[in-house]
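Summary of structural features
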Amino acid sequence: MIDFDFERLRSMGLTPALASRATACASEPPLAELACRLMRLTVLHRETLRLHDGESEISARVMPRLARALFDAEDSLAVGDWVLCVLDAHGAAWVHERVPPLTHLVRRDADGRRHPVVNNIDTALLVMGLDDDFNPRRLERFLALVQGSGVQPVIVLSKADTLADARALFCRMQELRERLPSGVEMVAVDARDPEAAACLAGHTLPGRTLALLGTSGAGKSTLTNTLLGEVRQDTGAVRESDGRGQHTTTARSLFRLPGGACVIDTPGLRALRPDADEARVAATFADVAALAAQCRFRNCTHREEPGCAVREGVENDRLRNYHKLLREARRDTMSALERQRQVAQWKARGRAGAARARAKREPT
C-alpha cells in the first residue's frame with residue numbers, strides 16, 4: 001500500500017511515469033500489506049543511505065532481500081533512485097523495493113563489473129575545463145556513456161575565463177564541433193558566474209533532474225553551487241603541476257534547485273569505461289558510420305584496407321578512440337570462455353612475434 005503527494009514529490013523529480021511504476025511495485029506482495037513511503041535516494045553511503053520525501057530527509061538501510069536481488073542482477077542502488085521505504089516497530093527506516101528506473105547510466109571497472117553512476121536523470125551535463133582538463137578523447141567516452149540511454153547530453157565547457165580571448169574560445173569550441181556528433185548542445189561558462197545558471201535554465205525546469213559528470217577539478221561542484229545560488233558543496237583548487245583536481249567531492253549527492261529541478265553532483269572520474277554496446281558507440285561516432293558506406297569494401301574495418309573512406313575523412317586520434325571503445329564494447333558482451341580464448345590468441349600472437357624477432361637477430 002502506498003500513499004503519496006505527487007505535487008510535493010514533483011519537486012524531487014517525480015514524474016507521472018515513475019509514479020505509475022511506484023504504484024505498481026507497491027501493489028505486489030508483500031508490500032501490498034505494508035505502509036510504504038515513496039522517497040528519493042539523495043546520498044548513498046556504504047551501509048546507509050539518505051532519502052527525501054520532498055519535506056524531510058531520513059537515514060535508511062536496505063533490506064537484505066533487496067540487496068541480494070540487486071547483486072544477483074549485477075545491479076545496485078544509485079543516487080537518483082526512487083524507493084519504497086517502510087518504518088519498522090522501532091521507527092527505523094528500511095528500503096524494501098526500488099522503483100525500476102526510467103534512465104540508467106552505468107560504467108564498468110577494469111574487470112568488466114558494472115557500477116551504476118546515477119539513475120532517473122533527464123540531462124547529463126558533461127563538464128570539461130578549458131584549462132589543462134581539455135581532452136576531446138575523454139569527452140567522447142563520456143558521450144558514449146550517455147548516448148542511447150534516453151538522457152540528453154549537454155557539453156559544458158567550464159573555466160571560460162581562463163582563455164586569453166574570444167578567438168581562443170571559438171577555436172576550442174570549433175575543434176569539438178568538428179569532432180563530435182552534430183546536434184549535441186554545447187555551452188561555455190565561468191562556473192562561478194551567475195550567468196552560468198541562466199545559460200542552463202532550459203534544463204532546470206520544475207520536475208527535471210540533471211547530473212554533472214566529468215573529471216575532478218572540472219568545476220562540477222562550483223557549478224552546482226552556482227545553480228543552487230549558495231555554497232553547499234566544498235570546492236578546491238586544482239594542482240598547478242597538471243591542472244587536476246584533488247577529489248574534493250567524494251560522494252554523489254542530490255540537491256533541489258530553487259526553481260523546482262534537482263541536480264546531482266558526482267565525484268570526478270579520471271578513468272571511464274562506459275557500459276556501452278556497439279550501437280551506442282556507433283551513435284557517438286556517427287561520422288564513422290556515415291563514411292563507412294563509402295569504403296571500397298563493405299566489411300572494411302577501417303584499419304589497413306585500401307580505399308577506406310573513414311581513414312581519409314576522420315582524424316586519426318578520433319579513429320583510434322573509436323576502435324578502442326569498440327573493442328571494450330565487444331569484450332563486455334563476451335562470455336568468460338570467449339574472453340579466455342581471446343587472451344590465448346593474443347598471447348599466441350605475442351609469442352609468434354617474439355619468435356620472428358629472435359629469428360631476425362640470429363646469424364644465418
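None of these values were measured; they are calculated from a predicted model.

All right, on to the side chain of Lys159 then. Among the structural elements, Lys159 can be located in the loop between strand 9 (152-158) and helix 5 (166-179). With relative accessibility at 16%, the residue Lys159 sits in the buried group. One polar contact links the side chain of Lys159 to the main-chain carbonyl oxygen of Gly217, over a distance of 2.5 Å.

A few words on the pairing of strand 12 (residues 253-256). Here four bridges tie strand 12 to strand 13 (residues 262-265), and the two strands are oriented antiparallel to one another. If you follow Ser253 over to strand 13, its bridge partner there is Asp265.

Bridge count between strand 3 (residues 57-62) and strand 5 (residues 93-98): three bridges; the pairing is parallel. Following the sheet pairing, Val62 is matched in strand 5 by Val95. Taken together, the five bridges between strand 4 (residues 82-87) and strand 5 define a ladder with antiparallel strand orientation. The residue bridging Leu87 from the neighbouring strand is Ala93, located in strand 5. Count of turn residues in the strand 4/strand 5 antiparallel hairpin: five residues, of which Gly91 carries a positive phi of about 90°.

So, about the side chain of Asp75. Tracing the backbone shows Asp75 in the loop between helix 3 (64-72) and strand 4. In terms of polar contacts, Asp75 uses its side chain to reach the side chain of Arg98, at 2.6 Å. Among all residues touching Asp75, those that are not within four sequence positions of it are Leu70, Arg98, His104 and Pro116.

Turning our attention to the pattern of salt bridges. In the structure shown here, the tally under the stated rule is 16 salt bridges. The shortest N-O distance in the salt bridge between Arg179 and Asp317 comes to 2.8 Å. With Arg179 in helix 5 and Asp317 in helix 11 (residues 316-332), the pair connects residues that are 138 residues apart, well separated along the chain. Assigned by exposure class, Arg179 and Asp317 land together as buried. As a salt-bridge pair, Asp317 and Arg320 come within 3.5 Å of each other at their nearest N and O atoms. Here Arg320 and Asp317 lie together in helix 11, a separation of three residues that amounts to about one turn. One continuous salt-bridge network, built from bridges that share partners, spans Arg137, Glu140, Arg179, Asp287, Glu315, Asp317, Arg318 and Arg320.

So, how was this worked out
Residues numbered from 1 in each chain as written. Predicted model: local features only at pLDDT ≥ 70, side-chain atom pairs only at ≥ 80, totals over all residues. Heavy atoms only, no water. Helix = DSSP H or I, 4+ residues; strand = E, 2+ residues; numbered from the N terminus. Buried < 20%, exposed > 50% of the residue type's maximum accessible area, 1.4 Å probe, protein only. Polar contact = N/O pair within 3.5 Å; in protein donor to acceptor, adjacent residues only side chain to side chain. Pairing = 2+ DSSP bridges. Contact = heavy atoms within 4.5 Å. Salt bridge = Lys/Arg side-chain N within 4 Å of Asp/Glu carboxyl O.

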